[in-house]
Amino acid sequence: WYLRDGGTNSAFLRSSATWRFDAASRGELFDIVVEHGAETRENLETKATATLAPPWTERWTLVGDRYKSANPVLHARWLIRRGGPGHFSEAVDEYRRALEERTKDAKPLEWAQTQKELGDALRGQAEEEAVGAESARLRNEAVGAYRRALDVWTREAQPREWAETQFSIGGVQRGLGEQAGDEESARLLGQAVASYRRALEVWSADTQPQWWAKAEESLGYTLLAQLEHSDSVDSARILVEAGETFR
């Protein structure tokens with residue numbers, strides 16, 4: 001019943017709060033939810049984590065150790081999920097290690113996926129672990145990784161991956177534009193607008209409504225940011241375009 005009730009229990013068990021537990025621990029977690037079904041999600045999570053903490057911590061560490069020795073991509077993902085100081089920089093190192101084996105010629109699709117995830121990790125490192133010039137450098141490296149992925153992922157062959165990567169590029173370019181001076185900011189924000197629009201060539205309100213809405217919203221806010229770096233003629237045009245994205 002706790003998976004079908006559609007309320008607090010179902011929401012909790014389907015949430016990211018439970019991904020940390022292996023199958024055996026999930027069974028124990030279900031028992032906890034059944035026993036304390038009337039409690040709030042926050043109380044359930046606290047109780048479950050406290051009950052399962054010692055074995056989960058040990059198992060979780062063992063999983064990380066196994067990934068570290070066997071698969072750098074899985075280890076990088078594990079590091080990002082684990083969190084903690086420096087986890088993005090560690091993940092970046094693991095993705096770079098993976099790319100020594102996953103070459104563009106031998107494994108083009110795996111290479112492209114790893115480049116995309118490297119870009120995501122570099123962006124996270126720039127946003128959470130760096131400031132100023134170092135943050136800008138990491139963002140530019142992220143854009144480079146995303147664009148390398150697009151050497152393999154094309155709009156015709158991999159439209160989903162292509163659009164998601166264009167959206168990611170737009171987000172990084174927008175961040176760079178918000179950090180830069182006036183003239184450079186206008187250029188970078190213009191590039192971000194173009195990237196979001198490329199993603200919207202694939203996403204539509206009918207076929208991918210969530211991604212379409214995210215891209216439209218991001219495009220609108222980026223256009224508004226452009227207003228600070230535009231002359232009066234451009235400002236009127238940009239304001240109209242921004243208004244259309246929020247409709």
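Since we're looking at a predicted model, the values are computed, not measured.

How each quantity is defined
Residues numbered from 1 in each chain as written. Predicted model: local features only at pLDDT ≥ 70, side-chain atom pairs only at ≥ 80, totals over all residues. Heavy atoms only, no water. Helix = DSSP H or I, 4+ residues; strand = E, 2+ residues; numbered from the N terminus. Areas by Shrake-Rupley, 256 points an atom, 1.4 Å probe, with all protein chains shown as cover. Core = buried A, V, L, I, M, F, W, Y, C linked by side-chain atoms within 4.5 Å. Buried < 20%, exposed > 50% of the residue type's maximum accessible area, 1.4 Å probe, protein only. Phe/Tyr/Trp six-rings, centres within 6.5 Å; stacked < 30°, edge-to-face > 60°. Lys NZ or Arg CZ within 6 Å of the ring centre and 35° of its normal. Salt bridge = Lys/Arg side-chain N within 4 Å of Asp/Glu carboxyl O. Axes fitted to C-alpha atoms, helices over the stretch in contact; angles between N-to-C directions. Parallel < 35°, antiparallel > 145°, perpendicular 65-115°, else oblique. Contact = heavy atoms within 4.5 Å. Nonpolar A, V, L, I, M, F, W, Y, C, P; charged D, E, K, R; others polar. Expected span 1.5 Å × (residues − 1). Arc of directions from axis to C-beta. Left-handed = near helix turned anticlockwise from the far one by under 90°.

**Quick notes on the overall build of the chain**
Then step 1. Each helix and strand in the chain was counted, giving 11 helices and 0 strands.
Then step 2. Put simply, the chain runs from its N terminus to its C terminus through helices and strands in the order α-α-α-α-α-α-α-α-α-α-α.
Then step 3. Accessible surface for the chain amounts to roughly 13300 Å². Of this, 50% is attributable to carbon and sulfur atoms.

**Structural notes on the nonpolar core**
Within soluble globular proteins, side chains that are nonpolar tend to cluster in buried spots.
Then step 1. Among the nonpolar cores identified, the biggest contains 43 residues, and Y95, L118 and W203 are the most heavily contacted of them.
Then step 2. Elements represented by at least two residues in this core include exactly α4 (72-82), α5 (87-99), α6 (108-128), α7 (132-149), α8 (159-179), α9 (182-200) and α10 (209-226).

**Considerations on the packing of aromatic side chains**
Then step 1. Counted according to the given criterion, the structure contains 4 aromatic pairs.
Then step 2. Summarising the aromatic geometry, the rings of F167 and Y196 are spaced 5.6 Å apart at their centres and angled 55 degrees between planes, so their arrangement reads as tilted. Remark: Y196 occurs in helix α9 and F167 occurs in helix α8; sequence separation between them is 29 residues. Across the pair, exposure class does not vary: F167 and Y196 are buried alike.
Then step 3. Clustering of aromatic rings is evident, with ring pairs tying together F167, Y196, W203 and W211.
Then step 4. Above the plane of the ring of W211 lies K214, whose end atom (NZ or CZ) is 4.3 Å from the centre.

**Points about the pattern of salt bridges**
Then step 1. Per the counting criterion, the structure on display carries 17 salt bridges.
Then step 2. With a closest N to O distance of 2.8 Å, R96 and E141 form a salt bridge. Here E141 lies in helix α7 and R96 lies in helix α5, a separation of 45 residues in the sequence.
Then step 3. The class for E141 is partly exposed, based on a relative accessible area of 25%.
Then step 4. Salt-bridge contacts for E101 lead to K107; the nearest nitrogen and oxygen are separated by 3.6 Å.
Then step 5. Salt bridges sharing common partners tie together R96, E134, R137 and E141.

**Things to note about the packing of α4 against α5**
Packed helix pairs are specified by the crossing angle of their axes together with the interaxial distance, meaning the distance between the axes.
Then step 1. At their nearest, the axes of α4 and α5 sit 8 Å apart, and the two run at 170 degrees to each other. Here α4 is positioned roughly antiparallel relative to α5, judged by the angle of their axes. Only H87, F88, E90, A91, E94, Y95, R97 and A98 of α5 make contact with α4, whose side of the interface consists of P72, V73, H75, A76, R77, L79, I80 and R82.
Then step 2. Looking at the contact of α4 with α5 residue by residue, the classes come out as 9 nonpolar, 2 polar and 5 charged.

**Focus: α7**
Then step 1. Between its first and last C-alpha atoms α7 spans 26 Å; for 18 residues at 1.5 Å apiece the expected length is 26 Å, and the two agree.
Then step 2. Among all positions in α7, only S135, L138, R139, A142, V143, A145, Y146 and A149 are buried. Down the axis of α7, the buried side of the element spans an arc of 160 degrees, and every buried residue falls inside it.
Then step 3. Packed against the buried residues of α7 are α6 and α8.

**What to know about the packing of α7 against α8**
Then step 1. Where α7 meets α8, the axes come as close as 10 Å, and the angle between the chain directions of the two elements is 160 degrees. By the criterion of interaxial angle, the relationship of α7 to α8 is roughly antiparallel. Crossing hand, α7 versus α8: left-handed. In this structure, α7 uses G132, S135, A136, R139, N140, A142, V143, Y146 and R147 to contact α8, whose residues at the interface are T165, S168, I169, V172, Q173, G175, L176 and Q179.
Then step 2. A per-class count over the contact of α7 with α8 returns 7 nonpolar, 8 polar and 2 charged.

**What about the side chain of Q158?**
Then step 1. Among the structural elements, Q158 can be located in the loop between α7 and α8.
Then step 2. The exposure class assigned to Q158 is buried, which follows from its relative accessible area of 17%.

**Examining α8**
Within an α-helix, residues lying three or four positions from one another point in the same direction, as the helix has 3.6 residues per turn.
Then step 1. The terminal C-alpha atoms of α8 lie 30 Å apart, and with 21 residues this matches the ideal 30 Å at 1.5 Å per residue to within 8%.
Then step 2. Counted residue by residue, α8 has 16 buried out of 21 residues, so it is predominantly covered.

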